[in-house]
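# Architecture and fold: a report
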Amino acid sequence: NNNNNNNNNTKSSSMMLCSKPKMTRTLFLATLYASISGLLFGYQMGITGGAMHSLQSSMDLTAAQCESIASLFFVGLMIASPFGGYACDRLGRRSS
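A brief report on the enclosed structure follows. (Residues numbered from 1 in each chain as written. Predicted model: local features only at pLDDT ≥ 70, side-chain atom pairs only at ≥ 80, totals over all residues. Heavy atoms only, no water.)

### Points about the overall build of the chain
Heads up, the rule is: Runs of H or I in DSSP of at least four residues are treated as helices and runs of E of at least two as strands, each being numbered from the N terminus. Throughout, exposure labels follow a simple rule: accessible area from a 1.4 Å probe, protein chains only, divided by the maximum for the residue type, with under 20% read as buried, over 50% as exposed, and the rest as partly exposed.
Within the chain, the secondary structure is distributed over three helices and zero strands. Starting at the N terminus and ending at the C terminus, the chain contains elements arranged as α-α-α. Taking all 96 residues of the chain together, the buried fraction comes to 6%.

### Description of unusual backbone geometry
Of all residues except glycine, most have a negative phi; of all peptide bonds, most are trans. For D60, which is not glycine, the phi torsion reads 50° and is therefore positive. Note that D60 resides in the loop between α2 (25-59) and α3 (63-92). On the basis of relative accessibility, which here comes to 67%, the residue D60 falls in the exposed class.

### A few points about α2
Residues lying three or four places apart along an α-helix face the same way, a consequence of the helix completing one turn every 3.6 residues. Using the following cut-off: The term bend refers to the angle at a residue between two fitted axes, each drawn through seven residues, those ending there and those starting there.
At A51, α2 shows its largest kink, close to 40°. Taken as a whole, α2 has its buried residues at A30, T48 and M52. Following α2 by one or two positions, D60 has its phi on the positive side, about 50°.

### Some thoughts on the packing of α2 against α3
Each pair of packed helices can be summarised by the angle the axes make with each other and by the distance between the axes. Going by this rule: Geometry is summarised by axes, namely lines fitted to C-alpha atoms with helices restricted to the contacting stretch, and by angles between N-to-C directions that run from 0 to 180 degrees. Working rule for angles: under 35 degrees goes down as roughly parallel, over 145 as roughly antiparallel, 65 to 115 as roughly perpendicular, anything else as oblique. The contact definition used throughout considers only heavy atoms, calling two residues in contact when any of these lie within 4.5 Å. Residues are grouped as follows: Ala, Val, Leu, Ile, Met, Phe, Trp, Tyr, Cys and Pro are nonpolar; Asp, Glu, Lys and Arg are charged; all remaining types, including Gly, are polar.
Interaxial distance between α2 and α3 falls to 11 Å at its minimum, and their mutual angle equals 175°. With respect to their mutual orientation, α2 and α3 come out roughly antiparallel. The residues of α3 that touch α2, namely those facing T26, L27, A30, Y33, F41, Q44, M45, T48, M52, L55 and Q56, are A63, C66, I69, A70, F73, F74, L77, G84, A87, C88, L91 and G92. Residue classes in the contact of α2 with α3 are distributed as 17 nonpolar, six polar and no charged.

### Considering the side chain of T48
Note on placement: T48 falls in helix α2. On the basis of relative accessible area, T48 is assigned to the buried category, the value being 11%. In contact with T48, other than residues within four places in its own chain, are A70 and F73.

In structure tokens form, the structure reads like this:
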């Protein structure tokens, strides 16, 4: 009887290992958030590079001022990235 019980436990354990993990709503939202963040950063860098020439000529900015404006985007990233990590930890990970 004990041997039969062990076989049932082995079957259910192997079935649990082979089953597909379920995509939960929070996992989906965390994945979507991370994907959109990466896309928006790339888009922002492309727009910034294209707009710097017209911004410099219309506002009579020096090269140093133009570089300072472009570097502010990276400062914003450094400030915002810990919050993005917190959001992914909060929404995407299960406590173990």
